Amino acid sequence: MLRCFVAIGLPAEVQTALARLQAALPLPRPAAAESFHLTLAFLGDIVETAADEAHLALAALRAPGFALTLEGVALFGGAKPRVVYAAVAPQPALMALQAKVEVALRRAGLSPDARRFTPHVTLGRLTGGRAEAARVEAAAAAAAGFRAGPWRVAHFGLWRSDPAPGGRIHAEIMRYPLTAGRAG
Ligand code: 2AM
């Protein structure tokens, strides 16, 4: 079994900006800066033949590249925040790509996570304490002016997630070019 997801990787300068932002937040479980990503679809643990099917479906997908900007810092989880993330400025071409990826995966017989897509780059996770949540919320509010980019997204990828000491490591295993269209 292989834990797989589809994501957009980030250019080095955006990773650096995010690492700087991350360092300003008191995160109990920071995400690994070298594998910051924007998840398009989560496939979960799948057998290798299913990963091959996902690859074929993604390789056949055609969609235009686009410009992306990160803007703001926010938390998932409402009253019990669990994830801190950098938010993404609205980009219809990103939403269109995500929809195409999801449809292509379903047509290939896979079952991507059906939750509504909220574009984000995870910076870290919380462990559940109330004082910790208050500290992180205050720091996130102070960092609300964060902005990185715009940069041009020219490809997306199939990623794998593997357990590692202190968390999981994520790595891109296949890359799919976007077309040089007009979007963004
Ligand atoms: P995120 O942290 O950016 O939300 C690999 O586990 C990646 O898939 C995670 O980094 C996570 O991205 C994303 N993901 C989306 N849905 C998930 C789920 N139900 N379980 C685990 N990871 C999920």
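Rules used in this analysis
Residues numbered from 1 in each chain as written. Predicted model: local features only at pLDDT ≥ 70, side-chain atom pairs only at ≥ 80, totals over all residues. Heavy atoms only, no water. Helix = DSSP H or I, 4+ residues; strand = E, 2+ residues; numbered from the N terminus. Core = buried A, V, L, I, M, F, W, Y, C linked by side-chain atoms within 4.5 Å. Buried < 20%, exposed > 50% of the residue type's maximum accessible area, 1.4 Å probe, protein only. Phe/Tyr/Trp six-rings, centres within 6.5 Å; stacked < 30°, edge-to-face > 60°.

(A) The arrangement of the environment of I46 in detail. Its location among the elements puts I46 in strand β3 (residues 37-46). In this structure the C-alpha to C-alpha distance between I46 and P112, which are 66 residues apart in sequence, comes to 11 Å.

(B) The nonpolar core, seen in detail. Counting residues in hydrophobic clusters, the biggest one holds 55 residues, and the most contacted among them are L18, L40, L70, L97, V101, L123 and F156. At six residues, the largest contribution of residues to this core is made by helix α3 (residues 92-107).

(C) Expanded view of the packing of aromatic side chains. Here the structure, examined in full by the defined rule, presents three aromatic pairs. Between F5 and W159, the ring centres sit 5.8 Å apart and the planes meet at 35 degrees, which makes this aromatic pair tilted. Residue F5 is located in strand β1 (residues 2-9), and its partner W159 is located in strand β8 (residues 155-164); the two are separated by 154 residues in the primary sequence. A relative accessible area of 2% places F5 in the buried class. Here W159 falls in the buried class, since its relative accessible area comes to 6%. With a centroid separation of 4.2 Å and an interplanar angle of 25 degrees, the aromatic rings of F76 and Y85 are classed as stacked. In this pair, the class of F76 matches that of Y85, namely buried.

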